[in-house]
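Analysis of the macromolecular model
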Amino acid sequence: MTGVCYLDANATQPLRPAARDAVLAGFSVTGNPSSVHAAGRAARRVMEDAREVIASVFGGRAQDLIFTSGGTEADALAIHALGRGRRAVVSAIEHDAVRSAVEGAVTVPVDRGGIVDLDALGALLADGVPSLVCLMLANNETGVVQPVEQAVALCRRYGALLHVDAVQAAGRMAVRLDRLNPHSLAISSHKLGGPAGIGALLLAPDAPFAAALIGGGGQERGRRGGTPTVALAAGFAAAAREAATDDLAALAAMRDAAERAAVACGAIVCGDPARRLPNTTCLALPGAAAGVQVIALDLEKIAVSAGAACSSGKVQTSHVLQAMGLGALAGQAIRVSLPWNAAAADIDVFAAAYARVAVRLAAGNPTEKHGPTFR
Ligand code: PLP
């Protein structure tokens, strides 16, 4: 990616060198962790070391951590295993990983700042219907951090279970199961600078786990079948360990500088600016379609996105920004998300490119004004 200013960390982060080293070392381990011989035991040791590290970074017990193929599977597993016989209740801004796994869910609205309406959640749960609530810790499009502690208190008061999608929050704010106290947490390796293709569901000690989503050979204590990927687990652990030492204040200062530059060109910040991940800003440019902005910035060698990367290419407006009541702006916002290795020079490059793009689009080139918007 030489010459590209990469500001799309919420889609995926650059691989950390320590994670790459750990993955490569893991690939020279030959055994299957389920085998009883010495090679299998060596592989199991790598796997269990990784499990210990990740569980301890995120405040859980190693035996309660289930490796998955990523955040999507961790969310699906939580909903399958904890949601059986329960009403699904989800915030209006959940990721499609959650939305696609719940059928007939009740949706809890958010306010204009993108924060879930706790009064509405409380009123809903007060009916006593056994429920599984899914609430993300930080939103992937706006970076807005949700009041999970208060949601936990409500859920526990009314006997509901709470699954927290911490995929975007992990590595970019303190995320500890033992402090937040939900019933489960989903984490994804590639969102914190580890390899893609692995994630985890971390269960609270009191989480009732009804059934696995994938049966198979009884791996992961019968909670997720399939031969686990030793090398990726090692890389995930290395990334989680290193992410815990990132300078988040420096990241926030760079994000703020990028945001100030965009606002000076007419951009509007979407989402409560006081409660956000340090690396994320969601910037609407009135009158300019989000997809057009993304393409214009791409031509300037700046990588950003319009909403969630997973479904880029679909001609749809962000359900997150719509739920926030942003009207037409919902189709005119891009997400700028700084990676763990962002440098001040990247922000200068972004600021100059954004200014050029904003002027061009404001000049009203009709072919540029009506492009697709991506989710
Ligand atoms: N949850 C959130 C909030 C996300 O942003 C994403 C990916 O963008 C996922 C879940 C899915 O994670 P993965 O890409 O590891 O499947």
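For the structure, see preceding data.
Below is a summary of the structure that appears in this document. Not measured: the values here are computed from a predicted model.

Brief notes about the overall build of the chain
Secondary structure summary: the chain contains 14 helices and 12 strands in total. Expected size for 375 residues packed as a compact globule is a radius of gyration near 21 Å; at 21 Å, the chain falls within 12% of this value. With the C-alpha coordinates aligned to their principal axes, the bounding extent of the chain is approximately 70 × 55 × 35 Å. On the chain, roughly 14400 Å² of surface is accessible, and the fraction owed to carbon and sulfur atoms is 56%. Considering the chain, the positive charge centre built from 33 side chains and the negative charge centre built from 32 side chains are found 3 Å apart.

As for the sheet that holds strand 9 (residues 268-269)
Within a sheet, adjacent strands bond to each other through the backbone by hydrogen bonds, running parallel or antiparallel. The sheet built from three strands is open, its strands ordered 9-10-12 with antiparallel pairing. The strands lining the two open edges of the sheet, one partner per strand, are strand 9 and strand 12 (333-337). Of the pairings in the sheet, the one linking strand 10 (residues 280-284) to strand 12 comprises five bridges and is antiparallel in character. Pairing of Cys 282 across the sheet is with Arg 335, part of strand 12. Sheet contacts for helix 11 (residues 290-299): strand 10 and strand 12; angle to strand 12, the most-contacted strand, approximately 45°.

What to know about the nonpolar core
Judged by nonpolar contacts, the single largest core of 67 residues is most densely connected at Phe 58, Phe 67, Leu 137, Leu 162, Leu 192 and Leu 321. The dominant element in this core, judged by the number of residues it contributes, is helix 9 (residues 230-243), at nine residues. Per-domain counts for this core show at least three residues from each of domain 1 (5-13 + 247-370) and domain 2 (17-243). Apart from residues no more than four positions distant in its own chain, Leu 162 is found in contact with Leu 132, Val 133, Leu 135, Val 148, Ala 151, Val 152, Cys 155, Pro 182, His 183 and Ser 184. Grouped together as the second largest cluster of nonpolar side chains are 30 residues, Ala 267, Ala 289, Ile 334 and Phe 350 included.

Examining the site of the ligand
The full set close to the ligand counts 15 residues, and Gly 71, Thr 72, Asp 165, Ser 188 and Lys 191 are the nearest of them. Residue His 190 places a side-chain N or O atom 2.9 Å away from an oxygen atom belonging to the ligand. Surface burial for the ligand is 90%, taken as the share of its 390 Å² of free accessible area covered by protein chains. Considering every element that reaches the shell around the ligand, the biggest residue donor is helix 3 (residues 71-83), with three residues. Broken down by class, the residue content of the shell around the ligand amounts to four nonpolar, eight polar and three charged.

With respect to the layout of surface pockets
The calculated volume of the second largest pocket comes to roughly 230 Å³. Along the wall of the second largest pocket there are 14 residues; nearest its centre are Arg 44, Glu 48, Arg 51, Glu 220 and Arg 221. Contributing elements (two or more residues each) for the lining of the second largest pocket: helix 2 (38-57) and helix 8 (219-222). Partitioned by chemical class, the residues of the lining of the second largest pocket number five nonpolar, three polar and six charged.

Considering the packing of aromatic side chains
Scanning the model with the defined rule gives two aromatic pairs in all. Taking 6.3 Å as the distance between ring centres and 65° as the angle between the ring planes, the aromatic pair formed by Phe 67 and Phe 236 counts as edge-to-face. Taken together, the residues span a long stretch of sequence, with Phe 67 in strand 2 (residues 65-68) and Phe 236 in helix 9 at a distance of 169 residues. Overall, the relative accessible area of 3% leaves Phe 67 in the buried class. For Phe 236, a relative accessible area of 0% gives the class buried. Look at Phe 350 and Tyr 354: their rings are 5.5 Å apart centre to centre, the planes differ by 45°, and that puts the pair in the tilted class. With a gap of four residues between them, Phe 350 and Tyr 354 both fall in helix 13 (residues 344-362), about one helical turn apart. Each member of the pair Phe 350 and Tyr 354 is classed as buried.

Concerning the sheet that holds strand 8 (residues 199-203)
Reading across the sheet, the seven strands line up as 2-8-7-6-5-3-4 and stay open at both edges, with mixed pairing between neighbours. Each edge of the sheet is formed by a strand with only one pairing partner; in this case those strands are strand 2 and strand 4 (106-108). Between one strand and the next, the sheet's axes are offset by a mean angle of 20°, whatever the strand orientation. Across three bridges, the pairing between strand 6 (residues 161-165) and strand 7 (residues 184-188) is parallel. Within the sheet, the bridge partner assigned to Val 164 lies in strand 7 and is Leu 185.

About the thresholds
- Residues numbered from 1 in each chain as written.
- Predicted model: local features only at pLDDT ≥ 70, side-chain atom pairs only at ≥ 80, totals over all residues.
- Heavy atoms only, no water.
- Helix = DSSP H or I, 4+ residues; strand = E, 2+ residues; numbered from the N terminus.
- Rg over C-alpha atoms; globule rule 2.2 N^0.38 Å.
- Areas by Shrake-Rupley, 256 points an atom, 1.4 Å probe, with all protein chains shown as cover.
- Lys, Arg positive; Asp, Glu negative; His and termini not counted.
- Charge placed at Lys NZ, Arg CZ, Asp CG, Glu CD.
- Pairing = 2+ DSSP bridges.
- Contact = heavy atoms within 4.5 Å.
- Axes fitted to C-alpha atoms, helices over the stretch in contact; angles between N-to-C directions.
- Core = buried A, V, L, I, M, F, W, Y, C linked by side-chain atoms within 4.5 Å.
- Buried < 20%, exposed > 50% of the residue type's maximum accessible area, 1.4 Å probe, protein only.
- Domains from an automatic or database assignment.
- Near = heavy atom within 4 Å.
- Polar contact = N/O pair within 3.5 Å; in protein donor to acceptor, adjacent residues only side chain to side chain.
- Nonpolar A, V, L, I, M, F, W, Y, C, P; charged D, E, K, R; others polar.
- 1 Å grid on protein atoms, 1.4 Å probe; cavity = no way out; pocket = protein on both sides within 12 Å on 5 of 7 lines; lining within 4 Å.
- Points joined across faces, edges and corners; volume = space filled by probe spheres on them.
- Phe/Tyr/Trp six-rings, centres within 6.5 Å; stacked < 30°, edge-to-face > 60°.

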